[in-house]
Amino acid sequence: MTSDILIKYFPEITPVQQAQFARLQELYTLWNSQINVISRKDIDLLYERHVLHSLGIAKVMTFLPGENVLDVGTGGGFPGIPLAILFPETRFHLVDSIGKKIKVVNEVAAALGLKNVKATHARAEEIKEQFDFVVSRAVTQLKDFYPWVKGKFSKQSKNKLPNGILYLKGGDLTQEIADAGLTVQQYHLKDYFEEEFFETKQVIYVKE
């Protein structure tokens, strides 16, 4: 599978973005052989299971120039790196508590020439900045995740949805959402992407 799958769903991407996305396979194959950030069986399905999945957030939210987005538990850079390619004028701060994963993020961002990515080896609770949105991909249960980022949001909202969390999750989330005690909006990725992988995948939006 190649990066062409992205053009199918994001026909507006520029030649520069197309070239950046196309390099992800080579870069992650290289780094994954040294520091395991992606399941070995998934590396051949990088564009579907990691890049396009990350860009599911972009089907729900178009980030604006100058907005600040925090990616919590980014691992090797998902969803932050694909979103940073798609929204070059939005600032992305990628954090992970595992230093070697942040090394991969920094190397990939540098190789792609991404000027809008900052990567920090830290826990989310240690980050003191304010953000418009927090993104993440299935790091933990929503009830545990929310306290990590509560209070990290800018007071002023500029986008179509008020500042908040955009969380990629899969499976039946009924119990998890109930346990969290939060009001959420659920966006089903099968409404945007036709591949079977997305059948149970969702973006969960939580207003700050």
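Everything numeric here is computed off the predicted structure, so don't read it as measured data.

Peer 1: Mind showing me how you'd approach the overall build of the protein here?
Peer 2: Regarding its fold elements, the protein presents 7 helices and 7 strands. Counting helices and strands in the order they occur from the N terminus, the protein gives α-α-α-β-α-β-α-β-β-α-β-α-β-β. When the backbone C-alpha atoms are referred to their principal axes, the protein occupies close to 40 × 35 × 30 Å. Looking at the protein as a whole, 53% of its 208 residues are labelled buried. Within the protein, residue pairs in contact and separated by at least 24 positions form 71% of the contacts whose partners lie at least 6 positions apart. For the protein, the computed accessible surface area is about 9,500 Å², with 50% contributed by carbon and sulfur atoms. Between the averaged position of the 25 positive side-chain charges in the protein and that of its 25 negative side-chain charges there is a distance of 5 Å.

Peer 1: Mind showing me how you'd approach the environment of M1 here?
Peer 2: Note that M1 resides in the segment before α1 (4-9). Classification of M1 by relative accessible area gives partly exposed; the value is 46%. For the pair formed by M1 and L46, sequence separation is 45 residues and the distance between their alpha carbons is 8.0 Å. Aside from chain neighbours lying at most four places away, what touches M1 is Q25, D44, Y47 and E48.

Peer 1: Which parts of the structure should I look at to understand the packing of helix α2 (residues 15-32) against helix α5 (residues 99-112)?
Peer 2: Two quantities define a packed helix pair, namely the angle between the helix axes and the distance between the axes. Contact pair α2 / α5: the axes reach a minimum separation of 10 Å and the direction vectors enclose 145°. Along this stretch, α2 crosses α5, giving a crossing that reads as right-handed. Of α5, the residues touching α2 (which contributes Q20, R23, L24, L27, Y28 and W31) are K103, V104, E107, V108, A111 and L112. For the contact of α2 with α5, a count of residues per class yields 8 nonpolar, 1 polar and 3 charged.

Peer 1: What's the story with the pairing of strand β1 (residues 68-72) in this structure? I'm lost.
Peer 2: For β1, the tally of buried residues reaches 4 of 5 residues, placing the bulk of the element in the interior. Pairing between β1 and strand β4 (residues 133-137): 3 bridges, direction parallel. Bridge pairing in β4 links V69 to F133.

Peer 1: Before we go on, may I ask you to explain the sheet that holds β1 in this structure?
Peer 2: The strands that make up a sheet are held in pairs by hydrogen bonds between backbone atoms, and each pair lies either parallel or antiparallel. Pairing within the open sheet is mixed, and its 7 strands lie in the order β3-β2-β1-β4-β5-β7-β6. The two strands at the open ends of the sheet, each matched to only one other strand, are β3 (117-121) and β6 (184-188). Each neighbouring strand pair of the sheet contributes to a mean axis angle of 20°, computed without reference to strand direction. As defined by bridge partners, strand β5 (residues 164-170) adjoins strand β7 (residues 201-207) across 7 bridges and the pair is classed as antiparallel. Paired with K169 across the strands is Q202, a residue of β7. Against the sheet, helix α3 (residues 46-60) makes contact with β4, β5, β6 and β7, and its axis sits at roughly 140° relative to β5, the strand it touches most. Here helix α6 (residues 142-149) sits on the sheet and contacts β1, β4, β5, β6 and β7; the angle it forms with β5, its principal contact strand, is near 150°.

Cut-offs applied
Residues numbered from 1 in each chain as written. Predicted model: local features only at pLDDT ≥ 70, side-chain atom pairs only at ≥ 80, totals over all residues. Heavy atoms only, no water. Helix = DSSP H or I, 4+ residues; strand = E, 2+ residues; numbered from the N terminus. Buried < 20%, exposed > 50% of the residue type's maximum accessible area, 1.4 Å probe, protein only. Contact = heavy atoms within 4.5 Å. Areas by Shrake-Rupley, 256 points an atom, 1.4 Å probe, with all protein chains shown as cover. Lys, Arg positive; Asp, Glu negative; His and termini not counted. Charge placed at Lys NZ, Arg CZ, Asp CG, Glu CD. Axes fitted to C-alpha atoms, helices over the stretch in contact; angles between N-to-C directions. Left-handed = near helix turned anticlockwise from the far one by under 90°. Nonpolar A, V, L, I, M, F, W, Y, C, P; charged D, E, K, R; others polar. Pairing = 2+ DSSP bridges.

Everything listed here is a matter of geometry and, on its own, says nothing about what the molecule does.
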